[in-house]
Amino acid sequence: DDVHIGADQLIDPTVPGATSGSITISSDSSGGGTSMVSLSGTGTSPANPVLTLSTTSLSFGDDPVGTPITLSVTLTSTGTSPVTVSAAGLTGAGFSYSGATFPVTLNPAIAVTVQVQFDPTAVGSASGSLTFTSNSTTGSTSVVSLSGTGTATQHQVSLTWNAPVNSPVPVTGYKIYRATGTSTSFAVLNS
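Source: prediction; values computed, not measured.

**Q** Describe the sheet that holds strand β7 (residues 95-98), naming the residues involved and giving the relevant values.
**A** Reading across the sheet, the four strands line up as β3-β5-β9-β7 and stay open at both edges, with antiparallel pairing between neighbours. Bordering the open sheet on either side are β3 (51-53) and β7, each of which pairs with just one other strand. This sheet shows a mean twist of 25 degrees between the axes of neighbouring strands, independent of strand direction. Inspection of the sheet shows strand β5 (residues 69-77) paired to strand β9 (residues 111-118) by eight bridges, in the antiparallel sense. Bridged to leucine 71 within β9 is valine 116.

As C-alpha cells, then:
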C-alpha cells in the first residue's frame, strides 16, 4: 500500500526580507526513505501610506492690497508604502496655490512642495484652507489653515528743490498742488 503524507507549512514573516527553509518528511513505507521539500519566500512590509505636511497653518500677516506674498507647504510620504494625493481643494478669497498637479503618488521619503500665495484685493482679514485628499492611513484629508490681512497701500511722495541762485526776483515761497486718483482737479496743499 502507498502511504500519503501531507504537510502544510504556514509562512508568516515577522520582518521584511527574503527567507528560506525546508521540510523533511520521513516515512517507513515500503518505498521508504526521507524526502525534503525546499521553501522560500519574501516578507514584505504591510501597506502603510502616510502623508505628512510640513505645517498645518500658514499665516501671511499684514499684506498691502495688490502685493502678493508666497509661502510653501511640503507634502512628504513618511509611511512604508507610496501615498497617493488624489486632489487638492482651496477655499478663501485671495488665496491660490501652484507647484504641483494632482493626482500625484509619492514614494516613501519623497516630497513635493506646494507654493501658496496670498494676494488680497480688499482691506481686511481673510481666511481659507488648503485641503489634500489622499489614501493616507492617518486620514483621508489633510488640512492647512490659511490666514492673512489685506492692508491699505500707503503712498508717499517726497519733494525737494533748490531755489534759483541768480533770480532777478527772490523766491519768497512755493505752492504745492495735488490731484488724487484719476482727477485732474488740483488743490493747494500748503499755505
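**Q** Tell me about the sheet that holds strand β4 (residues 57-64), and please be specific about residues and values.
**A** Spatial ordering of the open sheet is given by β4-β11-β10-β6-β8, a layout of five strands whose pairing is mixed. Two strands in the sheet have a free side with no partner beyond their single neighbour: β4 and β8 (104-106). Strand-to-strand twist across the sheet, computed as the mean angle between neighbouring axes with direction ignored, equals 25 degrees. Pairing between strand β6 (residues 83-91) and β8: three bridges, direction antiparallel. Note on β8: the bridge partner recorded for valine 85 is valine 104.

**Q** How would you summarise the pairing of strand β10 (residues 124-134) if you had to cite specific residues and measurements?
**A** Bridge count between β6 and β10: six bridges; the pairing is antiparallel. Bridging across to β10, alanine 87 finds its partner in threonine 133. Sheet topology note: the β10/strand β11 (residues 141-151) ladder contains ten bridges and is antiparallel. Residue pairing in the sheet places threonine 133 in a bridge with threonine 141 of β11. Where β10 folds back on β11, the antiparallel hairpin that results is connected by six residues, among which glycine 139 adopts a positive phi of roughly 140 degrees.

Definitions and limits used
- Residues numbered from 1 in each chain as written.
- Predicted model: local features only at pLDDT ≥ 70, side-chain atom pairs only at ≥ 80, totals over all residues.
- Heavy atoms only, no water.
- Pairing = 2+ DSSP bridges.
- Helix = DSSP H or I, 4+ residues; strand = E, 2+ residues; numbered from the N terminus.
- Axes fitted to C-alpha atoms, helices over the stretch in contact; angles between N-to-C directions.

Note that every value here comes from positions in space, so none of it alone points to a role or purpose.
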